[in-house]
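Fold and geometry: a report
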Amino acid sequence: MNSRQEQLDAFNRLLDIMNDLREKCPWDQKQTLQTLRHLTLEEVYELSDALLEEDLQEIKKELGDVLLHLVFYAKIGSEKGSFDIADVINSLNEKLIFRHPHIYGDVEVKDEEEVKQNWEQLKLKEGNKSILSGVTKGTPSLIKAYRIQDKVKGIGFEFANAEDAWKKVEEELVEFHAETDLYKKEQELGDVFFSLVNYARISGINPDTALERTNNKFINRFQKMENMALNKNLNLADLNLEQMDELWEEAKKNE
């Protein structure tokens with residue numbers, strides 16, 4: 001591994017390169033906070049894919065891409081006279097120190113849960129008007145549900161255990177099946193999803209990770225079905241459901 005000085009030298013080189021690109025590259029010169037936004041989201045999702053695969057070399061690559069964007073935003077901020085990369089890092093440092101009084105102060109905690117509870121309380125002291133103010137509107141719904149539940153847990157608004165959370169799932173399922181109005185049924189389905197996320201979270205399962213792994217598993221199996229059909233000179237779209245199910249089962253066995 002690199003020494004601290006080597007790490008600092010690498011970061012300093014990145015800042016120099018960013019300055020060069022912003023000054024000399026036509027594409028980099030034209031970028032704004034808004035033009036970079038969707039590219040940043042794409043890079044974060046690519047990092048997410050690498051994390052799910054636990055591909056360390058790909059994670060390293062994608063972390064570099066994300067870091068480039070962070071440095072790019074800071075460079076634009078400095079050009080506007082608003083902030084630079086030092087301001088970004090110093091602000092982060094101060095926040096981390098303030099929110100970890102059990103490390104940098106005299107507060108004592110017994111476990112991870114007390115750390116999280118203190119974290120949410122300290123955020124309110126920083127000026128946040130609500131425990132949920134940090135949940136962004138643009139967060140994907142499944143992740144947002146998880147974050148909402150995790151945040152209110154920080155002040156004790158939580159089921160006692162996973163069994164109680166599952167009872168809520170069953171209650172919401174009954175209400176969903178009983179509803180006939182389509183609009184209200186949609187609302188009830190939302191309640192089912194929300195309660196399932198809550199049950200998963202309390203059980204120690206990240207529902208977004210679980211669903212994404214299932215998505216990837218389905219994609220892999222379906223593509224195997226397509227290949228098997230091709231090898232048998234069959235058109236998958238021409239097969240009936242029973243025939244496709246046979247290929248599906250065969251694909252499962254070949255995993």
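The name given to the protein in an unreviewed UniProt entry is Nucleoside triphosphate pyrophosphohydrolase, and the organism recorded there is Kaistella carnis.

One can describe the packing of helix 1 (residues 4–24) onto helix 4 (residues 56–79) by two numbers: an axis separation of 10 Å at closest approach and a directional angle of 60°. The angle between helix 1 and helix 4 places the two elements in the oblique class. In the packing of helix 1 onto helix 4, the handedness of the crossing is right-handed. Contact residues: helix 1 offers Phe-11, Leu-14, Leu-15, Met-18, Asn-19 and Arg-22, while helix 4 offers Leu-67, Leu-68, Val-71, Phe-72, Lys-75, Ile-76 and Glu-79. For the contact of helix 1 with helix 4, the class distribution of residues is nine nonpolar, one polar and three charged.

The next thing to look at is the UniProt feature "domain: NTP pyrophosphohydrolase MazG-like" (unreviewed entry) in the protein. The positions that UniProt labels "domain: NTP pyrophosphohydrolase MazG-like" (unreviewed entry) are, in the present scheme, residues 31–103 and 172–222. Between the C-alpha atoms that bound residues 31–103 there is a distance of 40 Å. The span itself is 85% helix and 0% strand. For residues 172–222, the end-to-end C-alpha separation is 32 Å, with 86% helix and 0% strand making up the annotated structure.

On to the packing of helix 11 (residues 207–231) against helix 12 (residues 241–253). In the contact formed by helix 11 and helix 12, the axes pass within 9 Å of each other and the chain directions differ by 115°. Between helix 11 and helix 12, the angle falls in the class roughly perpendicular. With respect to the hand of their crossing, helix 11 and helix 12 are arranged in right-handed fashion. Taking contact as the criterion, the partners of Phe-218, Arg-221, Phe-222, Lys-224, Met-225, Met-228 and Ala-229 in helix 11 are, on helix 12, Met-244, Leu-247, Trp-248, Glu-250, Ala-251 and Lys-252.

The next point concerns the nonpolar core. Formed by Met-225, Met-228, Ala-229, Leu-236, Leu-239, Leu-247, Trp-248 and Ala-251, the largest nonpolar core amounts to eight residues. Residue assignment for this core shows that the elements contributing at least two residues are helix 11 and helix 12. The residues contacting Ala-251, other than those within four sequence positions of it, are Arg-221, Lys-224, Met-225 and Met-228. Within the second largest apolar cluster, six residues are counted, among which are Leu-36, Val-71, Phe-72 and Ile-76.

Quick notes on the rules
- The numbers attached to residues start from 1 for each chain and follow its sequence in the written order.
- Local features in this predicted model are restricted to residues whose pLDDT is 70 or higher, and side-chain atom pairs enter the listing and the counts only when it is 80 or higher, whereas totals over whole chains, interfaces and linings include all residues.
- Just so you know, side-chain values use all the structure's heavy atoms and leave hydrogens and water out.
- Axis lines are fitted to C-alpha atoms, over the contacting stretch for helices. Their N-to-C directions set the angle, which ranges from 0 to 180 degrees.
- Numbering of helices and strands runs from the N terminus; a helix is a DSSP stretch of H or I covering at least four residues, while a strand is a stretch of E covering at least two.
- When an angle is under 35 degrees it counts as roughly parallel; over 145 it counts as roughly antiparallel; between 65 and 115 it counts as roughly perpendicular; any other value is oblique.
- Take the far helix as your reference; a near helix turned counterclockwise from it by less than a right angle gives a left-handed crossing, and one turned clockwise gives a right-handed crossing.
- Two residues form a contact once any of their heavy atoms are found within 4.5 Å.
- Each residue gets one of three labels, nonpolar for Ala, Val, Leu, Ile, Met, Phe, Trp, Tyr, Cys and Pro, charged for Asp, Glu, Lys and Arg, and polar for the others, Gly among them.
- UniProt positions are given in the numbering used here, feature names are shortened, and annotations may be inferred rather than shown by experiment.
- Here, nonpolar core refers to any group of buried Ala, Val, Leu, Ile, Met, Phe, Trp, Tyr and Cys residues whose side-chain atoms link them within 4.5 Å.
- Only protein chains enter the accessibility calculation, which uses a 1.4 Å probe; a residue whose area is less than 20% of its type maximum is buried, one above 50% is exposed, and one in between is partly exposed.

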